[in-house]
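One-letter residues, chain by chain:
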Amino acid sequence: MADETHAKLDQMNESVETELREAQITEAEVAVHWSEEEYYNPSLQFIAQANFTDPTIYDRFSEEHFPECFKEYADLLDWYQYWHTTLDTSNPPFWKWFVGGKINACYNCVDRHLAQYRSKAAFIFVPEPEDEPNIAMTYQELYVRVNEVAAVLQSLGLKTGDRVTIHMPMVLELPITMLACARLGIIHSVVFAGFSGQACADRIVDSGSRILVTMDGYYRSGTMLDHKVKADEAVEASARAGHTVEKVLVWRRYPRQYQSQAPMVEGRDLFMDDLLQEHRGARVEPVKMPAEAPLFLMYTSGTTGKPKGHQHGTGGYLAYTAWTSKMIQDIHPEDVYWCMADIGWITGHSYIVYGPLAVAATSVIYEGVPTYPDAGRPFRIAEELGVNIFHTSPTAIRMLRKAGPETPLRYNHQFKHMTTVGEPIEPEVWRWYYHVVGKEKAVIVDTWWQTETGGFLCTTIPAIHPMKPGSAGPALPGIYATILDDDGNVIPPGAGKAGNMVIRNPWPGITQGIWGDPDRFVQTYYARYNKDRNSKDWRDWPYFAGDAATQAGDGYFRILGRVDDVINVAGHRLGTKELESAVLTVEEVAEAAVVPRVDELKGRVPDVYVSLKPGYTPTPEIQQKIVKAVEELIGKIARPKNVYIMPDLPKTRSGKLMRRVLASISNGQDVGDVTTLANPDVVDLIRKSVRGDD
Ligand code: PRX
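What counts and what doesn't
- Residues numbered from 1 in each chain as written.
- Predicted model: local features only at pLDDT ≥ 70, side-chain atom pairs only at ≥ 80, totals over all residues.
- Heavy atoms only, no water.
- Buried < 20%, exposed > 50% of the residue type's maximum accessible area, 1.4 Å probe, protein only.
- Helix = DSSP H or I, 4+ residues; strand = E, 2+ residues; numbered from the N terminus.
- Contact = heavy atoms within 4.5 Å.
- Pairing = 2+ DSSP bridges.
- Right-handed = clockwise from strand over helix to strand, strands pointing away.
- Near = heavy atom within 4 Å.
- Polar contact = N/O pair within 3.5 Å; in protein donor to acceptor, adjacent residues only side chain to side chain.
- Areas by Shrake-Rupley, 256 points an atom, 1.4 Å probe, with all protein chains shown as cover.
- Nonpolar A, V, L, I, M, F, W, Y, C, P; charged D, E, K, R; others polar.
- Phe/Tyr/Trp six-rings, centres within 6.5 Å; stacked < 30°, edge-to-face > 60°.
- Lys NZ or Arg CZ within 6 Å of the ring centre and 35° of its normal.
- Disulfide = S-S within 2.5 Å.
- Salt bridge = Lys/Arg side-chain N within 4 Å of Asp/Glu carboxyl O.
- Axes fitted to C-alpha atoms, helices over the stretch in contact; angles between N-to-C directions.

### Things to note about helix H21 (residues 659-666)
Residues spaced three or four apart along an α-helix point in a common direction, a consequence of the helix completing one turn every 3.6 residues. Across the eight residues that make up H21, a large majority, six, are buried. Residues Val661, Leu662, Ala663, Ser664, Ile665 and Ser666 constitute the buried set of H21. Elements that come into contact with the buried residues of H21 comprise strand E28 (589-599), strand E29 (603-612) and helix H22 (680-691). A positive phi of about 65° marks Gly668, the residue just after H21.

Right, here's the structure in full:
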């Protein structure tokens, strides 16, 4: 089997398909270069055990049955009270799902499983140091811990509707804190641990959180990172913005063994383990929340500098993530499921915590990086724990492939199901995932969705549809996806033309809006195709996703990349404006433009172009200052690949920076006609200094 696989791999590598990547850059009309007929079927073994095998669902979820069809999703949950209105469209595009219903997300993820699964692991925590034991936490223990933390939150005066910011790494205490919030109807706002103190502060201030929950330190690539220092920075930066963080709750990764460089601040900082002493054995009743009450905020980058706090509701979001976890992820309670994403992103919220727990999964939480100490780590974990459902991103797949293309074959892991999410996956990378990681036994779902969408929108249903490398698949039942050109005309399936990815209808997982900024919400997602702002008919409110895509004759969507100013670095969304604002904080910088450069591993990475204020000359120190500013204000994930200091940047006669021209230079493409620019000569100069050609 191994030899055969290697031979196949060699063959594939010879027929490298780079068109997809180029297509993402140009975002122009895209002809479909690869074979449309490359389909892979799920195995009979997979189909025989699958949770979902009923193709008639598409009829049941056709437009004539909308929105009542989604009752099927909500029926996976336990409700205190059923809803009277499935979808309230009285204030478009602020949709409300299952109105009148009463529910608690924590109850659905924890309490209701106790009768049947009390002693089953809800989570298995895998610390990064390999000599440390894993921790399996049963549903019963999770219940106990969540109740105690809820009691702590209550004792601090927190109540339903308050916001709490959680800036924590991948440890068990993160979902415990989230679920404790959900139990009380407190809206959590989790900030990715890799984000800087300043980025955390921006989110604290925007959400109005008075409490920050953090951790003293955690392991990453073999080093204990001091995380508490970021909390101090976040509190100080919040104060500078006029906002007071009253309490900082500090979990300890190794209670009383590790000391952060940031000492506890008297009266402000409290150790969670101390607080918990006072609440041992406490029980807190779950609050019966209205279905449409917000469950959490998740910030994501947009086209302007400020990140958008997307608000997800309780009933609709949980119904949507529960259904997709069961039917698309094919999670059965006896499976061991591992999503390698970070809980600090939407993927972790929906598909490590809420969706999987709602269907009584055993969900693995891994602290570290997949390639540390070597590319065999994920497969050792999978083998040791018996992981049979594996979920990761194209960047992680590319990194594992690069670090050890044959490594997976040395391990005895057995996956039945694998997911890819967050970026387009190149067919050649998909095939490696299929043949080498999945050993030709696992089905793959390429799930296209967004922070805003709460859960998957386009993917194959694993036991129903054949897979096609590089294509996400058809839209899910009840998702009426289409591709529109800029004028709103439908680009029909099979036309071989790219356009804007649009969903014509609301669905239960959709964002409820941007926290504190309803106008920006309407403007960003609906202004493009809505023609009548007063219409109460959902058909008049197509959702503009911000992605370019093509749809093949078989109905499968192929996502090409963002059409806006968002750069997708390793599956993480970064706004060019956010990056440029960070660069502009460097004293010497006069102008800055950030553009995406295609990267072999991360999909895209930021290239920074700047010009300096008069009197300054380019130096390596200025370049370093720029890199440092980006890392400090946003985080290491945003680290620029290159910083180019130029005498001037290309501009139109009205003074608009021509990022497109710079992106072409970064990616070795033709810059097109630049004669109409205000300063065409500078383009040549930049091209020569970046690419070194004449
Ligand atoms: O461009 C699309 C890309 O990631 C964006 C959403 O990013 P975020 O909100 O951070 O959520 C990531 C996890 C869902 C999309 O607009 N994207 C997401 N999934 C895919 C994808 N691009 C191609 N294929 C996918 N499967």
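There is more to say after this.
### A few points about the sheet that holds strand E12 (residues 269-271)
In space, the eight strands of this open sheet follow the order E12-E11-E8-E6-E7-E14-E15-E23, with mixed pairing throughout. If you trace the sheet from one side to the other, it starts and ends with E12 and strand E23 (513-514), each paired once. Bridging between strand E6 (residues 163-168) and strand E8 (residues 211-215) involves three bridges; their strand directions are parallel. Looking across to E8, one finds that Ile166 is bridged to Val213.

### Side note on the pairing of strand E16 (residues 336-339)
Within a regular strand, side chains alternate between the sheet's two faces. The alternating pattern of E16 places Val336 and Trp338 on one face and Tyr337 and Cys339 on the opposite face, and all of these are buried. Of the pairings in the sheet, the one linking E16 to strand E17 (residues 362-366) comprises three bridges and is parallel in character. In the strand pairing of E17, Tyr337 is matched with Ser363. Once the chain exits E16 it traverses helix H14 (residues 346-358) before rejoining the sheet at E17, and the crossover so formed is right-handed. Bridge count for E16 against strand E18 (residues 389-392) is three bridges, and the pairing is parallel. Paired with Tyr337 across the strands is Ile389, a residue of E18.

### Some remarks on the site of the ligand
The ligand sits among 17 residues. The nearest are Asp446, Thr451, Asp547, Arg562 and Arg573. At a separation of 3.1 Å, a nitrogen atom of the ligand approaches a polar backbone atom of Gly422. Arg562 is positioned with one of its side-chain polar atoms (N or O) 2.7 Å from an oxygen atom of the ligand. Across the complex, the protein chains shield 96% of the 540 Å² of accessible surface that the ligand would expose by itself. Among the secondary structure elements, those contributing two or more residues to the shell around the ligand are H14, strand E20 (443-447) and strand E25 (557-562). Tallied by class, residues from the shell around the ligand come to six nonpolar, six polar and five charged.

### Some thoughts on the packing of aromatic side chains
Summed over all chains, the structure comprises 45 aromatic pairs. Seen from their ring centres, Phe70 and Tyr73 are 5.0 Å apart, and the 90° between their planes marks the pair as edge-to-face. You'll find Phe70 and Tyr73 in the same group, each marked buried. Here the aromatic rings of Phe521 and Tyr525 are separated by 5.6 Å at their centres, their planes lie at 50°, and the arrangement is tilted. Taken together, the residues span about one helical turn, with Phe521 and Tyr525 both in helix H18 (residues 518-525) at a distance of four residues. The positively charged end of Arg203 is found above the aromatic ring belonging to Phe195, 4.5 Å away from the centroid. Lying over the aromatic face of Tyr80, Lys288 brings its terminal NZ or CZ to 5.1 Å of the ring centre.

### A word on the pairing of strand E21 (residues 481-484)
Judged by which residues are buried, E21 turns out to be covered on both faces: Ala481 and Ile483 on one side and Thr482 and Leu484 on the other are all buried. As defined by bridge partners, E21 adjoins strand E22 (residues 499-503) across four bridges and the pair is classed as antiparallel. Counted as the bridge partner of Ile483 is Met501 from E22.

### Focus: the state of the cysteines
What the rule picks out here adds up to zero disulfides. Of all cysteine sulfurs in the structure, the one in Cys106 sits closest to Cys109, which takes part in no disulfide; the separation is 7.2 Å. Taking relative accessible area as the criterion, Cys109 reaches 0% and is therefore assigned buried. Considering cysteine sulfurs only, Cys181 is the nearest to Cys200, which forms no disulfide, with 14 Å between them. For Cys200, a relative accessible area of 0% corresponds to the buried category.

### As for the pattern of salt bridges
Evaluated as defined, the whole model comprises 46 salt bridges. Salt-bridge contacts for Glu132 lead to Arg253; the nearest nitrogen and oxygen are separated by 3.5 Å. Of the two residues, Glu132 sits in the loop between strand E4 (121-126) and strand E5 (135-138) while Arg253 sits in the loop between strand E11 (247-251) and E12, which places them 121 residues apart along the sequence. Its relative accessible area of 22% is what places Glu132 among the partly exposed residues. Of the charged contacts in the structure, one is a salt bridge between Asp273 and Arg256, with a shortest N-O distance of 3.2 Å. With a gap of 17 residues between them, Asp273 in helix H12 (residues 272-277) and Arg256 in the loop between E11 and E12 connect regions that are remote in the sequence. Residue Arg256 is classed as exposed on the basis of its relative accessible area of 56%. Each of the salt bridges in this network shares a partner with another, and the network as a whole consists of Glu63, Arg504, Asp537 and Arg539.

### Some thoughts on the sheet that holds strand E19 (residues 417-421)
The seven strands are arranged E5-E4-E17-E16-E18-E19-E20 in an open sheet whose pairing can be described as mixed. Two strands lie at the open edges of the sheet, namely E5 and E20, each paired on one side alone. Ignoring strand direction, the axes of neighbouring strands in this sheet form an average angle of 20°. In the sheet, E4 pairs with E17 via four bridges, with the strands oriented parallel. Across the sheet, the residue bridging to Phe123 is Ser363, located in E17. Lying on the sheet, helix H8 (residues 139-155) is in contact with E4 and E5; it crosses E5 at an angle near 80°.

Limitation: the analysis is restricted to geometry and does not speak to function.
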